[in-house]
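Analysis of the macromolecular model
Spelled out, the chains give:
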Amino acid sequence: MRRILVTGGAGFIGSNFVRMLLDEQDCFVVNLDKLTYAGNLENLAGYLDSDRHKFVKGDICDAGVVGSLMDEYKIDSIVNFAAESHVDRSITGPKIFIDTNVNGTLNLLLAARDRKIERFLQVSTDEVYGSLGSEGMFTEDTPLSPNSPYSASKAAADMLVSSFGHTFGLRYNITRCSNNYGQFQFPEKMIPLMINNAVNDKELPVYGDGLHVRDWLYVYDHCTALWKVLSEAEPGEVYNIGGCNEKANLEVVRLILDRVGKSEGLIKHVTDRPGHDRRYAIDASKMMGQLGWKPSVTFEEGIVRTIDWYLENEKWLSDVVSGDYQSYYDSMYSGR
Ligand code: NAD
Ligand code: TYD
């Protein structure tokens, strides 16, 4: 049985990954999460009592905690999701992005190196490649050219991971996925934010002209790709993950309004994000060809499933948007 340390497993993608592992794979999971504003134990409801899952509240920057968990639970693999993950927050406060995304990853790498573990999987992002014009796609050979403090911190972490492979022989993989959507995503990110605002008849704040393009992937399909890499990839390989679902933001917003049954009059164009990347598009042919992975749903199926999930889980949504989130929302959007 594999014994995996998942970091950030109470966040959006991490919690979906832990659920998938416990449902579908025979492995033991230690889940280390600091429970920042983005971490939520409700995302793991029904899974916290499993005898194959040990949740620990703690910081990946804490060498003592990381080392003792790895020794106590005889960890053979690390899947590192833990991160500050929101571009807008990295613009207003970049420092914590370096603390967690760079120094936290370094701390995990040192622990992994010293214990010669079987695999270190770094969950990265297509945003490390920068922005595309109207043509072309990111391949694994595209040079890293990050534009935001968030993507710069993720690119720095990627480089540390590969340097540990080169210098110390660490057995690693890096995955770079496009924008995820699905259940349990914190509603500061575009899709759940727009759903929540539409439900509550609030304006939908579209940055700039709304023609920025993202390449959307259903979160469960990201999780199956990560498992493929963890269980089948050769060490040292980097994989792009994406489902060929390029959409302009306005197109997604209109789809949400239609499904929720609200008028397009709720759309409000607001001041653009500084340094806003225009377009992301992922070439995932290496992942599909070498590892035989493919997404299970189209965007059209996944987005309907996602909107309906938020509509059916209003308590989850209202719990998450109460408290601190209100002051975040006011400071980010009022007067914009
Ligand atoms: P998220 O913000 O929803 O979750 C991050 C989790 O990490 C939270 O549970 C938080 O409590 C935890 N965390 C933060 N700092 C920590 C620390 N110092 N120690 C321990 N835990 C800490 O993020 P997400 O959207 O689930 O993204 C997960 C990972 O996937 C990130 O590394 C992100 O860069 C990457 N990624 C995200 C997307 C996307 O579209 N969301 C796409 C590609 C890659
Ligand atoms: P986001 O979900 O923050 O992901 P990322 O910036 O990492 O791609 O944003 C997705 C797109 O939606 C991005 O082009 C910015 C845009 N956006 C808005 O137009 N309005 C919003 O309120 C938010 C949060 C994002």
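It should be noted that the structure appears before, not after, this text.
Let me begin by describing the structure that accompanies this report. (Residues numbered from 1 in each chain as written. Chains lettered and ligands numbered in written order. Predicted model: local features only at pLDDT ≥ 70, side-chain atom pairs only at ≥ 80, totals over all residues. Heavy atoms only, no water.)

1. A few points about the overall build of the protein
In plain terms, the rule: Helix and strand labels come from DSSP, where a helix needs a run of H or I of at least four residues and a strand needs a run of E of at least two; each type is numbered from the N terminus. We call a residue buried when its accessible area falls under 20% of the maximum for its residue type, exposed when it is over 50%, and partly exposed in between, using a 1.4 Å probe and counting protein chains only. The contact rule is simple, with two residues in contact once any of their heavy atoms fall within 4.5 Å. With residues, only the protein chains shown are counted as cover, and all accessible areas are computed by Shrake-Rupley using a 1.4 Å probe. Within this scheme the basic residues Lys and Arg register as positive and the acidic residues Asp and Glu register as negative, but His and the chain ends are omitted. All charge positions are set by atom: Lys at NZ, Arg at CZ, Asp at CG, Glu at CD.
Tallying secondary structure elements over the protein gives twelve helices and 13 strands in all. Counting across all 336 residues of the protein, residues that qualify as buried make up 57%. For the protein, contacts bridging at least 24 residues in sequence account for 82% of all contacts bridging at least 6. Of the accessible surface of the protein, which amounts to about 13500 Å², a share of 50% is contributed by carbon and sulfur atoms. Distance between charge centres in the protein, computed from 34 positive and 47 negative side chains, equals 3 Å.

2. Thoughts on the site of ligand 1
The condition that has to hold: Whether a residue is near a molecule or strand depends on its heavy atoms: if one lies within 4 Å, it is near. Definition of a polar contact: a pair of N or O atoms within 3.5 Å, with one able to donate and the other able to accept a hydrogen when the atoms are protein atoms, and with sequence-neighbouring residues admitted only if both atoms are side-chain atoms. Think of it as three bins: nonpolar holds Ala, Val, Leu, Ile, Met, Phe, Trp, Tyr, Cys and Pro, charged holds Asp, Glu, Lys and Arg, and polar takes everything else, Gly as well.
By nearness alone, 29 residues border ligand 1, and I13, D33, S85, Y150 and K154 come closest of all. Note that an oxygen atom of ligand 1 is positioned 3.0 Å from one of the backbone N or O atoms of G11. One nitrogen or oxygen atom from the side chain of D33 is found 2.6 Å from an oxygen atom belonging to ligand 1. Within the complex, 97% of the 840 Å² of free accessible area of ligand 1 lies under protein. Within the residue set of the shell around ligand 1, elements represented by two or more residues are α1 (12-24), β5 (119-125) and α5 (149-168). Looking at which element gives the most residues to the shell around ligand 1, the answer is β5, with three residues. For the shell around ligand 1, the per-class residue count stands at twelve nonpolar, twelve polar and five charged.

3. Here we look at the sheet that holds strand β4 (residues 77-80)
Sheet strands pair via backbone hydrogen bonds, and the direction of the pair is either parallel or antiparallel. The following threshold applies: Here, a strand pair is defined by DSSP locating no fewer than two bridges between the strands. Only C-alpha atoms enter the line fits that serve as axes; for helices the fit covers just the stretch in contact. Angles between N-to-C directions range over 0 to 180 degrees.
Read from one edge to the other, the open sheet built from seven strands follows the order β3-β2-β1-β4-β5-β6-β11, with strand pairing classed as parallel. Both outer strands of the open sheet, β3 (53-57) and β11 (238-241), are each paired with one neighbouring strand and no more. Averaged over all adjacent pairs, the angle separating strand axes in this sheet is 20 degrees, with direction ignored. Here four bridges tie strand β6 (residues 172-177) to β11, and the two strands are oriented parallel to one another. Paired with C177 across the two strands is I241, which belongs to β11. Relative to the sheet, α5 contacts β5 and β6, its axis offset from that of β5 by approximately 155 degrees.

4. Observations regarding the nonpolar core
The line we're drawing: To define a nonpolar core, start from buried Ala, Val, Leu, Ile, Met, Phe, Trp, Tyr and Cys residues and group those joined through side-chain atoms within 4.5 Å.
With 37 residues, the main nonpolar core has I191 and I256 as its most contacted residues. Within the residue set of this core, elements represented by two or more residues are α6 (190-199), β8 (204-207), α8 (249-260), β13 (267-270), α10 (299-312), α11 (314-321) and α12 (324-333). With residues up to four places along the chain from it excluded, the contact list for I191 reads Y181, W216, V252, I256 and I303. M20, L22, C177 and A233 belong to the second largest nonpolar core, which has 34 residues in total.

5. Regarding the environment of D62
Along the polypeptide, D62 turns up in the loop between β3 and α2 (63-72). Exposure remark for D62: the relative accessible area of 35% places this residue in the partly exposed category. Residues D62 and E188, 126 residues apart in the sequence, show an inter-C-alpha distance of 27 Å.

6. Considerations on the packing of α6 against α10
In plain terms, the rule: An angle counts as roughly parallel when it lies under 35 degrees, as roughly antiparallel when it exceeds 145, as roughly perpendicular when it falls between 65 and 115, and as oblique in every other case. Crossing handedness follows the turn of the near helix against the far one: under a right angle anticlockwise gives a left-handed crossing, and clockwise gives a right-handed one.
Where α6 contacts α10, the axes come no closer than 10 Å and their chain directions differ by 50 degrees. As far as their axial angle goes, α10 and α6 are oblique. Crossing of α6 against α10: the hand is right-handed. Across the interface between the two elements, I191, P192, I195 and V199 from α6 touch I303, I307, Y310 and L311 from α10. Of the residues contributing to the contact of α6 with α10, the split by class is eight nonpolar, no polar and no charged.

7. Quick look at the site of ligand 2
Taken together, the neighbourhood of ligand 2 is formed by 19 residues, with E127, R214, R273, H276 and Y333 sitting nearest. One nitrogen or oxygen atom from the side chain of R273 is found 2.5 Å from an oxygen atom belonging to ligand 2. Between ligand 2 and Y333 there is a distance of 2.7 Å, counted from an oxygen atom to a side-chain nitrogen or oxygen. In isolation ligand 2 offers 510 Å² of accessible surface; the protein chains occlude 97% of this area. When residues of the shell around ligand 2 are traced back to their parent elements, those giving at least two are α6 and β8.

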